[in-house]
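Given next are the chains, with one letter for each unit.
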Amino acid sequence: MTKRAFGLAAYAALTAALCAHTSAQTPFASAGDRSPVGSLQSQLRAWRQAHGESWYTHTNPNTGTLELLFGGNALPSFEPDSSVDSDWFRLGREWIAATEGMHGVSLDELVATRVFFLPLGQGNTTDKMTVRFDQVIDGVKVEDGRINLLFDLQGRLLSLHTTAAPTVEDPRPTPSFDAGFASMIAREVFRSTEGIEPNHYGQPELVFAHVDDQEARRWTLAWQVDAQWYEPGFEPKGYLYTIDARTRQILKRVSSIHHFDVTGTITANATPGTAADHSGNPPVPTPMPYLRLQSSAGTTVTDANGNFTFVGVNTPINITATYAGTFTSVQNQAGANYSVAFNNVQPNTPNVLVMNATPNGSVTGQTNGFLHIATQRDWIRSIFPNDTTADFLSTTNVNVSGTCNAFYNGNSTNFYPAGGGCNNTAFSVIIAHEMGHWLNVRYGTGNGSDGMGEGNADVFSLYQFDDAVLGRFFSTGGGSVRNGNNTRQFCGDSNGGCYGEVHSDGEVWMGAAWKIRTRLNTSLGNAAGDLQSSLLFLGWMNSYNQTQIRSIIETQWLTLDDNDGNINNGTPNYAEIDAGFRAQGFPGFDLPFVVISNVTQLPTTTNEAGPYVVSANIVAGITPPITSATLRYRVNGGATQLIPMTNTGGDTYVAGIPGQVSPSVVEYVVEGTDSANHAVSFPSGDLSQGYSFAVGQINTILATDFESGAAGWARNGGNATTGLWELGNPNGTAAQPEDDHTSAPGVTCWFTGQAAVGASVGTNDVDGGDTLLESPTFDLAGTTAAKISYWRWYSNTQGGAPNADVFVVQISNNGGATWSTVETVGPAGDETDGDWFRHDFVVSSVITPTANMKLRFSASDLGTGSIVEAAIDDVTITSVESTIPAPTNYCTSNPNSTGGTGAISFSGSQRIADNTAMLLGQNFPAGSFGLFFFGNVQVQQPIVGSQGNLCVAGTTFRLPIVQTDTFFGTVAYPMDFTSPGTNAQVITGGSTWNFQFWHRDAVGGSATSNTSNGLSVEFGD
């Protein structure tokens, strides 16, 4: 097959191949390779419990997995040595492993790449450390696959940012064709679309490339080939082709030529140093740093100030200077490279050697090209002395045939001579911009198609030269190219570039960055503001790999600016940074009015004395100070009580809930109010959704994980036509869970109707009404602190016609005749996008407990436009029992004249303060006189002269004489702990006494007596 035939046969549908990928795509949300999307919220909740409530996440819209974890600080397992890279890599691995459930990236796919110290303390924040890992699968790198972690110098984690692939379609690293064939495909595509043969190629690279299909991102094995064409006098063309390494399909094509394009002019006053070479801004003598000088005495390089020394030379020498040195080699495309010889240069005397002594446009272009590559490198080093990113030898082509442009092509920066109404484009800010493209690649931000590359290259130029105007006198008539004071507005995270051209799109970001700088200059002063903005910009370039213009950038800048591990209470320069982003149309980062964190979560306790101390950190984010802090609580679903919290220093507030008599369930939340009367409650304004703890002993009434069957639960009613409740193992289709909630080996739960694996979204979901799942009857009679908990999954993906589809939990105390609503979830908002969430409630706060209780779950789809799925697992019903053990019988009694044996028991409260204790007896002779007595020692021995056994000894006390019922032979004695002169007053809280009943009896006509068994009773206060 000829090359031409190959091109025609394989790429007849080239346009379609470049625009769309037709293979089936299984989103990570349902693939289940590592972590379902729905788990991110629950993972965040668990993370907050372990590391504080100030943490938040940004979700990657293309994968549904974690992109950025930020907002707080997490303590390290050890304090790292700031000078030992292995310590920081170890910390990085620990946190990556700890968060794998959020981002889905395995440690065995990551290669430790770099530890970098960020001297942000030069400004008005704190020094930090950033650690980078690159993603490599079986020796093949993942395109843009990196995880960056930000730490303070004590090793506390401040953020984790990932652009790595959570899953790869087929991770085998074996392509079906080689690099040479990939280059041939790229050549044929280039020739088919551009009509010319490429004459420059990059080395083909095998990668796992990312491809965006219908708002979902997938990764697949691919060759990437850079094919370019450029000839003197013509506009260069170049594209990086990504070719599926198995199917040969063109997955994507991006430009590899990054022009300095002229899109308009803005009149402004010329400023020396940032304007083009023209009559009003003529060249002046300027030191040439890092220039290589050759002589008969050897070769040397000038320093940053242009100084040079040939060591040990005592005789005159001849020196040749060209525009080549440590950081760039200038190539004149319009003729020979400029070179000048300085003859008879004298030793032991200061020599001032002037290159380009008689300036002309061609040579001045070479001079500028050499000078400003070096000044950009020095600017970066002046901000971060340890940053070596710009320390490499680049190629700078000047006087390239053409006019009115400049470009970066992946291996050189290129500038045009004067002509066509434009001045020579090789001047300071244009050089800094084009070199900015190269630095974008080296830092990892890249030069994507949404304008990020252009905008960020502009920022390099604007910040280095401290000038909002980019390209003064680019045209001979004056004007400029772009301006940081533009009003180009951000179009939203989901829109990408929205102005139709990458330079215009990039103005959104360069404008925001410049406005941040100007606001910092206003608040800090010019020098400090310049430094602070440059620290943040280069710190950001080193710490994150943000390839798109998105609102997440502000979060990243604020995290770098933060000085206390909690960006929710503001950062040293929050106002300036946030205002800069908002001025460009970004949504901004809203500080919460009040931030409450580190709230004590009290455990179940048998301690009735209390107090139960709750501590919390409360901060006013916008209008400080905190004017009041309150602990709100209720007991057993009763009335809400308020306790003022006391500030114990800094942001810490403390209060104690008074001791509670068991059995009790206490629910509580913390509330803070700022100076503008903004009140915030945490974890919720609703006490039923707050924290809770029990006082007493936990008694489990019902607990089922459904692994052994339905456990009496059943579908009962509802009018839905599809998606009815069923018991089984969900397979993760559509919006269902992939697994039940129970940890392995559990697989079974109740869920709404299941579709086959691979079925389209919405197949067999709830439709046409509601479907009801009902529990068996359970007994809560006599409980005062019964609690029900369950894990629920609910997903309501709304389409174009949202409706009132909800998930409802109800309880009945009359066997299902009537129902009371516990909670209603949906149709949208929190906990409606699919995940396991636990909910619990105190029964008495909803309904009066009885012996005829039932629980019911309902999922409904009452209209169109929604895909509704639900699941239920791990239902537990408990009660809280008193901390005082129930009375127990001991000792045996002998038969009395009734033929039965007398027995005693206890009713009422064992607590002295309640004063409701009552001693009871049965099976005694009717109308017989007797008395209760008690002592502190248990015995069992016959009583001389009696038919009974003695069960009580030690220190003993008698209670008043009573008579048994004249018909039933029962007896009751209420113990009054308050009545003066009664022996009952010796009983105190915390004591245990043993009771027995003695009574008169007659056996065979002979008068005698008998006794009951013994009863041991522990009393409480």
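Keep in mind the model is a prediction, meaning the values are calculated, not measured.

Cut-offs used in this document
- Per chain, residue numbering runs from 1 following the sequence as it is written.
- The predicted origin of the model limits local features to residues at a pLDDT of at least 70 and limits the giving and counting of side-chain atom pairs to 80 or more, whereas totals for whole chains, interfaces and linings rest on all residues.
- As a rule here, side-chain values come from all non-hydrogen atoms in the structure, and water together with hydrogens is ignored.
- The secondary structure listing takes helices from DSSP runs of H or I that are at least 4 residues long and strands from runs of E that are at least 2 residues long, numbered from the N terminus.
- Think of it in three bands: with a 1.4 Å probe and only protein chains considered, a residue is buried below 20% of the maximum accessible area for its type, exposed above 50%, and partly exposed in between.
- By the convention used here, residues are in contact when the closest approach between their heavy atoms is within 4.5 Å.
- The method behind every accessible area is Shrake-Rupley, applied with a 1.4 Å probe, and residues are considered shielded solely by the protein chains displayed.
- In this count, Lys and Arg are taken as positive residues and Asp and Glu as negative ones, while His and the chain termini are left out.
- All charge positions are set by atom: Lys at NZ, Arg at CZ, Asp at CG, Glu at CD.
- In predicted models, pLDDT denotes the confidence assigned by the predictor to each residue on a 0 to 100 scale.
- Axis angles are defined between N-to-C directions and span 0 to 180 degrees, where every axis is a line fitted to C-alpha atoms and, for a helix, only to the segment in contact.
- Convention used here: angles under 35 degrees read as roughly parallel, angles over 145 as roughly antiparallel, angles from 65 to 115 as roughly perpendicular, and any remaining angle as oblique.
- When residues are grouped by polarity, Ala, Val, Leu, Ile, Met, Phe, Trp, Tyr, Cys and Pro land in nonpolar, Asp, Glu, Lys and Arg in charged, and all others, Gly among them, in polar.
- By this definition, two strands are paired if DSSP reports at least two bridges between them.
- The disulfide definition used here is simple: a pair of cysteine sulfur atoms within 2.5 Å.
- Space inside and on the surface of the protein is sampled on a 1 Å grid over the protein atoms alone, with a cavity defined as a set of points where a 1.4 Å probe fits but cannot get out and a pocket as an open set with protein on both sides within 12 Å along at least 5 of 7 lines; lining residues have an atom within 4 Å of a point.
- Grid points are joined across faces, edges and corners, and a volume is the space filled by probe spheres set on the points.
- Multiplying one less than the number of residues by 1.5 Å gives the expected span of a helix.
- Residue types Ala, Val, Leu, Ile, Met, Phe, Trp, Tyr and Cys, when buried and joined through side-chain atoms within 4.5 Å, form a set referred to as a nonpolar core.
- The working definition used for a salt bridge is a side-chain nitrogen of Lys or Arg within 4 Å of a carboxyl oxygen of Asp or Glu.
- Should the near helix be turned anticlockwise from the far one by less than a right angle, the crossing is termed left-handed; should it be turned clockwise, right-handed.
- In this scheme Phe, Tyr and Trp rings, the latter by its six-membered ring, pair at centre separations within 6.5 Å, and the angle between planes marks the pair as stacked below 30 degrees, edge-to-face above 60, and tilted otherwise.
- A positively charged side chain is recorded as over a ring if its NZ (Lys) or CZ (Arg) lies within 6 Å of the ring centre. The angle to the ring normal must also be within 35 degrees.

**Looking at the overall build of the protein chain**
Item 1. Within the protein chain, the secondary structure is distributed over 14 helices and 51 strands.
Item 2. The principal-axis extent of the C-alpha atoms belonging to the protein chain is close to 150 × 70 × 50 Å.
Item 3. For the protein chain, the residues scored as buried account for 53% of the 1021 residues in total.
Item 4. A separation of at least 24 residues holds for 68% of the contacts in the protein chain among residues at least 6 apart in sequence.
Item 5. As displayed, the protein chain offers around 40,200 Å² of accessible surface, 50% of which is attributable to carbon and sulfur atoms.
Item 6. Averaged over its 46 positive side-chain charges, the protein chain has a centre that lies 5 Å from the centre of its 90 negative ones.

**Description of the confidence of the model for the protein chain**
Item 1. Here the protein chain averages 87 in pLDDT, and 93% of its residues register 70 or above.
Item 2. Confidence over residues 1–38 falls short of pLDDT 50; this stretch has 62 contacts with residues more than four positions distant or in other chains.

**Quick notes on the packing of helix α8 (residues 361–383) against helix α12 (residues 526–543)**
Item 1. Where α8 contacts α12, the axes come no closer than 10 Å and their chain directions differ by 100 degrees. With respect to α12, the axis of α8 lies roughly perpendicular. Contacts from Trp379, Ile380 and Ile383 of α8 reach α12 at Leu531, Ser534, Leu535, Phe537 and Leu538.
Item 2. The class makeup of the residues in the contact of α8 with α12 is seven nonpolar, one polar and no charged.

**A short note on the sheet that holds strand β24 (residues 612–620)**
Backbone hydrogen bonds are what pair the strands of a sheet, in a parallel or an antiparallel way.
Item 1. The strand order across the open sheet formed by four strands is β23-β24-β28-β27, and the pairing between neighbours is antiparallel. Edge positions in the open sheet fall to β23 (594–597) and β27 (646–649), since each of these has one partner strand only. Sheet twist, expressed as the mean angle between neighbouring strand axes with direction ignored, is 35 degrees.

**As for the state of the cysteines**
Item 1. Applying the stated criterion across every chain yields a total of three disulfides.
Item 2. Take the cysteines of the protein chain that form disulfides and number them in order along the sequence; they join up as 1-2, 3-4, 5-6.

**Looking at empty space enclosed by the protein**
Item 1. Under the definition given, this model contains three cavities of 30 Å³ or more.
Item 2. There is about 80 Å³ of room inside the largest cavity.
Item 3. Along the walls of the largest cavity sit Asp450, Phe490, Cys491, Gly496, Gly497, Cys498, Tyr499, Asp505, Val508 and Ile549, which together make up its complete lining.
Item 4. Partitioned by chemical class, the residues of the lining of the largest cavity number six nonpolar, two polar and two charged.
Item 5. Taken as a whole, the second largest cavity spans an internal volume of roughly 40 Å³.
Item 6. Lining of the second largest cavity is provided by Glu667, Leu687, Ser688, Gly690, Ser692, Lys787, Asp840, Phe841 and Val842.
Item 7. Broken down by element, the residue count for the lining of the second largest cavity peaks at three residues, all from strand β40 (residues 833–842).
Item 8. When its residues are assigned to classes, the lining of the second largest cavity shows three nonpolar, three polar and three charged.

**A short note on helix α10 (residues 452–465)**
Item 1. Helix length check: α10, at 14 residues, gives a terminal C-alpha distance of 20 Å against a target of 20 Å (1.5 Å per residue), a fit within 8%.
Item 2. Burial analysis of α10 places 13 of its 14 residues in the buried class, the great majority of the element.
Item 3. Two residues or fewer past α10, Asp466 is found with a positive phi of approximately 50 degrees.

**Side note on the nonpolar core**
Item 1. Judged by nonpolar contacts, the single largest core of 90 residues is most densely connected at Trp509, Phe537, Trp540 and Trp557.
Item 2. When residues no more than four places from it in sequence are discounted, the contact partners of Trp540 are Met452, Asn456, Trp509, Gln546, Ile553, Gln556, Trp557 and Leu560.
Item 3. Formed by 31 residues, the second largest nonpolar core is a distinct cluster that contains Ala720, Val822, Ala870 and Ile877.

**Let's talk about the pattern of salt bridges**
Pairing of side chains with opposite charge becomes possible as their charged atoms draw close.
Item 1. Counted under the stated rule, the structure contains 33 salt bridges.
Item 2. A salt bridge links Arg911 to Glu608; the nearest nitrogen and oxygen atoms lie 2.2 Å apart. You can see Arg911 sitting in the loop between β44 (903–907) and β45 (918–922) and its partner Glu608 sitting in the loop between β23 and β24, a full 303 residues away along the chain.
Item 3. On the basis of relative accessibility, which here comes to 6%, the residue Arg911 falls in the buried class.

**Some points on the packing of helix α11 (residues 502–524) against helix α14 (residues 574–583)**
Item 1. Running from N to C, α11 and α14 cross one another at 145 degrees; their axes reach a closest spacing of 8 Å. Here the hand of the crossing between α11 and α14 comes out right-handed. Along its contact with α11, which presents Trp509, Ala512, Lys515, Ile516, Arg519, Leu520 and Ser523, the element α14 presents Glu576, Ile577, Ala579, Gly580, Phe581 and Ala583.
Item 2. Looking at side-chain class alone, the contact of α11 with α14 contains eight nonpolar, two polar and three charged residues.

**Quick word on unusual backbone geometry**
Item 1. Cis geometry is found at the peptide bond from Phe682 to Pro683, where omega equals 5 degrees.
Item 2. Along the chain, Pro683 turns up in the loop between β30 (679–682) and β31 (691–695).
Item 3. Between Gly826 and Pro827 the backbone carries a cis peptide bond, its omega angle lying at 10 degrees.
Item 4. Of note, Pro827 is situated in the loop between β39 (820–825) and β40.

**Considering the sheet that holds β39**
Item 1. The five strands are arranged β33-β36-β41-β38-β39 in an open sheet whose pairing can be described as antiparallel. At either end of the open sheet lies a strand with only one pairing partner, and these are β33 (714–718) and β39. Adjacent strand axes in the sheet meet at a mean angle of 25 degrees, parallel and antiparallel pairs treated alike.
Item 2. Two strands pair when backbone bridges link them, and strand β38 (residues 807–812) and β39 are joined in this way by five bridges, in the antiparallel orientation. Residue Phe807 lies in a different strand from β39, and its bridge partner there is Val825.

**Observations concerning the packing of aromatic side chains**
Item 1. Going through the model one piece at a time under the given rule, you end up with 48 aromatic pairs.
Item 2. Considering the side-chain rings of Phe70 and Phe589, the 6.3 Å spacing of their centres and the 65 degrees angle between planes classify their relative orientation as edge-to-face. Of this pair, Phe70 sits in strand β2 (residues 66–74) while Phe589 is found in the loop between α14 and β23, placing the two residues 519 residues apart along the sequence. Phe589 shares its class with Phe70; the two are buried.
Item 3. Ring geometry for Tyr290 versus Phe327: centroids 4.9 Å apart, planes at 85 degrees, classification edge-to-face. Within this pair, whereas Tyr290 is found in the loop between β12 (258–259) and β13 (291–295), its partner Phe327 is found in the loop between β15 (317–325) and β16 (328–332), the two being separated by 37 residues in sequence. For the pair Tyr290 and Phe327, one class covers both residues: buried.
Item 4. Taken together through their ring pairs, the aromatic side chains of Tyr443, Phe460, Tyr463, Phe490, Trp509, Phe537, Trp540, Trp557, Phe581 and Phe586 make up a single cluster.
Item 5. Between the NZ or CZ atom of Arg488 and the centre of the ring of Tyr499, over which it lies, the distance is 4.7 Å.

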